[in-house]
Amino acid sequence: MSVTTRPTVGPPGYTETLPCEPETASRARGVVSVALNTWGIAELAEAGTLIVSELVGNAVRHTSCRLVRVSVRRVTDDLVRIGVTDKSHALPKMDLVADGDETGRGLVLVDALSHRWGYYELRWGRTVWAEPAVPPC
C-alpha cells in the first residue's frame, strides 16, 4: 500500500468547526492562542483572543446558525487573519452606542484591536475577519 501526500499550499493556518453557542468563545480563544504560540507571536494573544471572542459572540447573538468555523491564518510575517464563518447572510456593521449601553461595542473593539477588518460573502453564508498586526521586534 502506498501513501500519497500533498504539499500544503498557502499560508499556515488552523481551523475548527464548533457549535454556535456562548461556550464556543472559550474554545475559539484556545485555537487562536495555540496558533499564535506555535508561530512564535504570543505577544498577539491578548488582542487575538479578544477579537475571536467578539466575532464568535456576534455569531451566537445575531444568527440562528448551528455551527461556526473559526480560522486563524498567518497571512504575512506581520499580519494574522482571524475569521469566523457562519451561514448568515446579514452583513456586520458597527453600531453607534451611548455611554450607558451594555452591548453593541463588539465590532468597535475589533476595529480598535485590528490593522483592518471586514467580511466576505459566501454562496451559503459569510466570514467576518480581522487582521491584528504583529508588533515589530
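Residues numbered from 1 in each chain as written. Predicted model: local features only at pLDDT ≥ 70, side-chain atom pairs only at ≥ 80, totals over all residues. Heavy atoms only, no water.

**A look at the side chain of Arg81**
Secondary-structure assignment places Arg81 in strand S3 (residues 79-86). Of note is the side chain of Arg81, whose polar atom sits 2.8 Å from the side chain of Glu131. Look past the residues within four positions of Arg81 in its chain and what remains in contact with it is Ser71, Val72, Arg73, Val75, Arg116, Tyr120, Trp129, Ala130 and Glu131. (Helix = DSSP H or I, 4+ residues; strand = E, 2+ residues; numbered from the N terminus. Polar contact = N/O pair within 3.5 Å; in protein donor to acceptor, adjacent residues only side chain to side chain. Contact = heavy atoms within 4.5 Å.)

**Examining the layout of surface pockets**
In this approach the atoms are scanned with a rolling probe the size of a water molecule, which exposes any empty space left behind. Approximately 200 Å³ is the volume attributed to the second largest pocket. Looking at the second largest pocket, the residues that line it are Thr17, Arg66, Leu67, Val68, Arg69, Thr85, Asp86, Lys87 and Trp124. With 3 residues, the top contributor of residues to the lining of the second largest pocket is strand S2 (residues 67-76). Across the lining of the second largest pocket, the residue classes tally to 3 nonpolar, 2 polar and 4 charged. (1 Å grid on protein atoms, 1.4 Å probe; cavity = no way out; pocket = protein on both sides within 12 Å on 5 of 7 lines; lining within 4 Å. Points joined across faces, edges and corners; volume = space filled by probe spheres on them. Nonpolar A, V, L, I, M, F, W, Y, C, P; charged D, E, K, R; others polar.)

**Concerning the packing of aromatic side chains**
Taken as a whole and assessed by the stated rule, the structure comprises 1 aromatic pair. The lysine or arginine in question, Arg81, covers the ring of Trp129, its NZ or CZ lying 3.7 Å from the ring centre. (Phe/Tyr/Trp six-rings, centres within 6.5 Å; stacked < 30°, edge-to-face > 60°. Lys NZ or Arg CZ within 6 Å of the ring centre and 35° of its normal.)

**Focus: the packing of helix H2 (residues 45-62) against helix H3 (residues 106-113)**
Where H2 meets H3, the axes come as close as 9 Å, and the angle between the chain directions of the two elements is 150°. Taken together, H2 and H3 sit at an angle that is classed as roughly antiparallel. Here H2 and H3 pass one another in a crossing that is left-handed. Every residue of H3 that contacts H2 at Ala47, Leu50, Ile51, Glu54, Leu55 and Asn58 is listed here: Gly106, Leu107, Leu109, Val110 and Leu113. Across the contact of H2 with H3, the residue classes break down as 8 nonpolar, 2 polar and 1 charged. (Axes fitted to C-alpha atoms, helices over the stretch in contact; angles between N-to-C directions. Parallel < 35°, antiparallel > 145°, perpendicular 65-115°, else oblique. Left-handed = near helix turned anticlockwise from the far one by under 90°.)

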